[in-house]
Amino acid sequence: MPRSASAVAFRASIPVMFGYLILGLGYGLYMHNLDFAWWYPPLMAATIYGGSVEFVIATMLTQHFNPLTVLMITFVVGFRQFFYSISMLNRYEGHGLAHFFQIYTLSDETFAVNYTVHVPTGVDRQRVYTLISLFDYCYWIIGALSGSLLGTAFALKIAGLEFVMTALFIVLCLDQFKRESSHLSTVSGLIITILCLLVVGKTYFLLATLVLLVIEFAIVNHQKERR
Amino acid sequence: MTLVQRLITIFLAAIANLLTRILPFWLFKREGQTPPRFIQELGEFLPGAIMAMLVVYCFKDVNWLGANHGLPEILAGLATVIIHLKWRQTFISLIAGTGIYILLLHLI
């Protein structure tokens, strides 16, 4: 049984290490293929620190400047993290910088590990949380940096590599589809987005979709309450 | 986009992403406080729709009237779905799906 907080944290973070290094590598290569300089992937990994958001923002950086869409999309794509934080309210009890760092780096995987990690008695629980968050954060940045450096060093331009983002969202969508009890959300998301793309066009269809989805939810929710 | 516009975009995304994580600590930190039902249920409703939206987003630049009519995208997408339903290993699905797409681009 490991005794120190760092040993407990490192052991718990190993699965995320493989995941983040590989996906981060793919993300770095992906951005290199979109013609970005080598420092973009690590910069975005370190500041935004959210895989799906970074992939989407990477494509948005190649289009017209559209700050409102960027804010809305990031907020909505990251919205699930709101609920991770709610689950961690009574667990993240530290103070100061360490506490802020725990919150800043609460990704899907870090949430999954920190929420379930077994901390032996005598080991500082908050320290373990902070260290797991730190290790995961480093894995993701190192992955992104290696991908972009690898791409730059060997001029790795692979036609079709951009499909990794499509595959990622297909996989996440399928996982979500399996999890939900009613498929109203996924199906309406699909239909509304396609309609908005056709009607509103490429620049604003995401915003239009988000507004319509919230309206749809408000109506469905209202009808449910009245019953 | 200029360099400054790009940096602003990254900064805004970082702020918005941080907000989703830090808001609960600002709003509900006191013991026993919970978010309103509407927010909780919206949180259960949205993820499926958002993921579907992002899948459509990935297909937005496909040229359906072009030389291959988006066939590589459709076939590789279907292959990703089938592979993921069969093995449910995220990384296998990602690598296989992307690999098939790269192959199809050369073949079709």
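Procedures and definitions
Residues numbered from 1 in each chain as written. Chains lettered and ligands numbered in written order. Predicted model: local features only at pLDDT ≥ 70, side-chain atom pairs only at ≥ 80, totals over all residues. Heavy atoms only, no water. UniProt positions renumbered as here; feature names shortened; annotations may be inferred. Helix = DSSP H or I, 4+ residues; strand = E, 2+ residues; numbered from the N terminus. Contact = heavy atoms within 4.5 Å. Salt bridge = Lys/Arg side-chain N within 4 Å of Asp/Glu carboxyl O. Polar contact = N/O pair within 3.5 Å; in protein donor to acceptor, adjacent residues only side chain to side chain. Nonpolar A, V, L, I, M, F, W, Y, C, P; charged D, E, K, R; others polar. Buried < 20%, exposed > 50% of the residue type's maximum accessible area, 1.4 Å probe, protein only. Axes fitted to C-alpha atoms, helices over the stretch in contact; angles between N-to-C directions. Parallel < 35°, antiparallel > 145°, perpendicular 65-115°, else oblique. Left-handed = near helix turned anticlockwise from the far one by under 90°.

A. Local environment of the UniProt feature "transmembrane region" (unreviewed entry) in chain A. Residues and elements named next belong to chain A. UniProt tags residues 12–30, 36–58, 65–83, 128–151, 158–177 and 189–219 as "transmembrane region" (unreviewed entry). Helix makes up 84% of residues 65–83 and strand 0%, with an end-to-end C-alpha separation of 30 Å. Between the C-alpha atoms that bound residues 158–177 the distance is 31 Å, and the span itself is 75% helix and 0% strand.

B. The arrangement of the environment of Leu43(A) in detail. Along the chain, Leu43(A) falls in helix 2 (residues 40–47). Apart from residues lying up to four places away in sequence, Leu43(A) is in contact with Leu7(B) and Ile10(B).

C. A look at the interface of chain B and chain A. With 66 residues of chain B at the contact, the number on the chain A side is 89 residues. The interface formed by chain B and chain A contains 4 salt bridges. For Asp175(A), the salt bridge goes to Arg88(B), with nearest N and O atoms at 3.1 Å. Summed over the shared surface of chain B and chain A, the result is 19 residue pairs in polar contact (both at pLDDT 80 or more). It is helix 2 (residues 37–58) of chain B that contributes the most residues to the side of chain B that touches chain A, 21 residues altogether. Partitioned by chemical class, the residues of the side of chain B that touches chain A number 42 nonpolar, 14 polar and 10 charged.

D. How the structure looks around unusual backbone geometry. Residues and elements named next belong to chain A. Phi at Tyr49 takes a positive value of approximately 50°, unusual for a residue other than glycine. You can see Tyr49 is positioned in the loop between helix 2 and helix 3 (51–61). Since its relative accessible area comes to 2%, Tyr49 is described here as buried. Backbone geometry at Ala155 places phi at a positive 45°, although glycine is not the residue there. A relative accessible area of 57% means that Ala155 is categorised as exposed.

E. The arrangement of the packing of helix 7 (residues 108–116) of chain A against helix 8 (residues 125–153) of chain A in detail. Residue and element names in this part refer to chain A. At their nearest, the axes of helix 7 and helix 8 sit 10 Å apart, and the two run at 150° to each other. Viewed along their axes, helix 7 and helix 8 adopt a mutual orientation that is roughly antiparallel. Between helix 7 and helix 8 lies a crossing of right-handed hand. Where helix 7 approaches helix 8, its residues Glu109, Thr110, Val113 and Asn114 are matched on the opposing element by Tyr129, Ile132, Ser133 and Asp136. Tallied by class, the residues present in the contact of helix 7 with helix 8 amount to 3 nonpolar, 3 polar and 2 charged.

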